[in-house]
Amino acid sequence: MNLVIFGPPGAGKGTQSAKLVKEFNLFQLSTGDLLREEVSKKNDFGNKIEEIMKSGGLVSDEIINNLIENKISNPEYKNRIIFDGFPRNLDQAKSLDNLLKKYNQQISLALNLKVDNQILVKRITGRVTCSVCNKTFNIFFDPPKTCDLKDCGQRKLITRSDDNEDTIVKRLKTYDEKTFPVLDYYLKKGIMKNIDGMQDINAISDQLFTIIGAVRS
Ligand code: AP5
Ligand code: MG
């Protein structure tokens, strides 16, 4: 089955996707991660993307749809994708439906993590990622531990360049204006489930496991 995981910046989409990947053998397709990969190439295209990400706005639908089609068309990922951070506006939601149709697939479930804005700001400003195993931690809520590859002597804890208070305010505004309306699109399809994203990380994943397990069976 293919899933969409929704929620504002810092809601826990990436954290929960990592757990769902392990539990259900899914493939996490994070448009934010794909864009950061382009940024790391340090060419003109990557620099343009970085500027937009730092401004808290959305990268063009054309760029996103190209990145997405590359993955959806791959038979290895067929019917086992978690879309994390995509779709982010109504046009992307419609393009996703068309693309999935082209490759004989569909979305079975849209999971919406609901978190208050004050908590989101704290989660984002506290986020650090391990340079060795890529796992995300939080200096306030989930302090960095020995990393999965046990090579911690080599690691650095990385902070994303868009995780500063100025950009966060803009990202939250973009979410409210462009992304929030997408929830209604999935609500009308009858596949939307709201989850209290204010609980601790494991309580949320237990709830997600139950919801997904019920839809899969
Ligand atoms: P993207 O990378 O998708 O960022 P985002 O949507 O802003 O979401 P985040 O990754 O910040 O948060 P998350 O929900 O994954 O939270 P996480 O699990 O890390 O996008 C970045 C930018 O790229 C966008 O602004 C845009 O410019 C561009 N972009 C991306 N996709 C696009 C698209 N489709 N179209 C156009 N542009 C696009 O958790 C956050 C922190 O909280 C972590 O430290 C974690 O440890 C902690 N935490 C998680 N859960 C809990 C919990 N339950 N309790 C306590 N702490 C928790
Ligand atoms: Mg994320």
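Per chain, the residues get numbers from 1 upward, laid out in the order the sequence is written. All chains are assigned letters beginning with A, and all ligands numbers beginning with 1, in the order in which they are written. Residues qualify for local features only when their pLDDT is at least 70, as the model is predicted, and side-chain atom pairs are given and counted only at 80 or more; totals for whole chains, interfaces and linings, by contrast, use all residues. Heavy atoms throughout the structure, all of them, feed into the side-chain values; hydrogens and water do not.

**Q** Would you mind showing me how to read the site of ligand 1 here?
**A** Within the structure, ligand 1 sits among 34 residues, and Thr15, Gly57, Arg88, Arg127 and Arg171 are positioned closest to it. Throughout this description, a polar contact denotes any pair of N or O atoms lying within 3.5 Å of each other; where both atoms belong to protein, one of them has to be capable of donating a hydrogen while the other can accept it, and for residues adjacent in sequence the pair is counted only when both atoms sit in side chains. A distance of 2.8 Å separates an oxygen atom of ligand 1 from a polar side-chain atom of Arg36. Interatomic distance of 2.6 Å between a side-chain N/O atom of Arg88 and an oxygen atom of ligand 1. Surface accessibility follows the Shrake-Rupley procedure with a 1.4 Å probe radius. Residue values consider only the protein chains on display as shielding. Expressed as a share of its isolated accessible area of 1100 Å², the protein-covered part of ligand 1 is 96%. Going through the elements one at a time, helix H1 (13-24), helix H2 (31-40), strand E6 (136-138) and helix H8 (201-216) are the ones with two or more residues in the shell around ligand 1. Each helix corresponds to a stretch of at least 4 residues labelled H or I by DSSP, and each strand to a stretch of at least 2 residues labelled E; elements are numbered beginning at the N terminus. Broken down by element, the residue count for the shell around ligand 1 peaks at 4 residues, all from H2. Gly counts as polar in this scheme, as do all residues outside two lists: the nonpolar Ala, Val, Leu, Ile, Met, Phe, Trp, Tyr, Cys and Pro, and the charged Asp, Glu, Lys and Arg. Classifying every residue of the shell around ligand 1 by side-chain character gives 13 nonpolar, 12 polar and 9 charged. Whether a residue is near a molecule or strand depends on its heavy atoms: if one lies within 4 Å, it is near.

**Q** Quick question: what am I supposed to make of the sheet that holds strand E1 (residues 2-6) here?
**A** Whenever strands of a sheet pair, they do so through backbone hydrogen bonds, lying parallel or antiparallel. Pairing between strands is defined by DSSP: at least two bridges between the two strands are required. Reading across the sheet, the 5 strands line up as E2-E3-E1-E4-E8 and stay open at both edges, with parallel pairing between neighbours. The two strands at the open ends of the sheet, each matched to only one other strand, are strand E2 (27-30) and strand E8 (192-196). Between one strand axis and the next, the sheet turns by 25° as a mean value, whatever way the strands run. Pairing analysis gives 3 bridges linking E1 to strand E3 (residues 81-84), with the strands arranged parallel. Its bridge partner being in E3, Leu3 is matched across the sheet by Ile82. Sheet contacts for H2: E2 and E3; angle to E2, the most-contacted strand, approximately 65°. Note on geometry: axes are C-alpha line fits, over the in-contact stretch for helices, and angles between N-to-C directions span 0 to 180 degrees. The criterion used for residue contact is that any of the two residues' heavy atoms lie within 4.5 Å.

**Q** I keep staring at the sheet that holds E6 and nothing clicks. Help me out?
**A** Judged by pairing direction, the sheet is antiparallel, and its 3 strands sit side by side in the order E6-E5-E7 without closing on themselves. Of all strands in the sheet, those bounded by a partner on one side alone are E6 and strand E7 (157-158). As defined by bridge partners, strand E5 (residues 127-130) adjoins E7 across 2 bridges and the pair is classed as antiparallel. When the bridges of E7 are listed, Cys130 appears paired with Leu157.

**Q** Looking at this structure, how should I read the environment of Leu29?
**A** With respect to the secondary-structure elements, Leu29 resides in strand E2. A sequence separation of 139 residues divides Leu29 from Ile168, and the C-alpha atoms of the two residues are 22 Å apart. Excluding anything up to four places from it in sequence, Leu29 contacts Leu34, Ile68, Lys71, Ile81, Ile82, Phe83 and Asp84.

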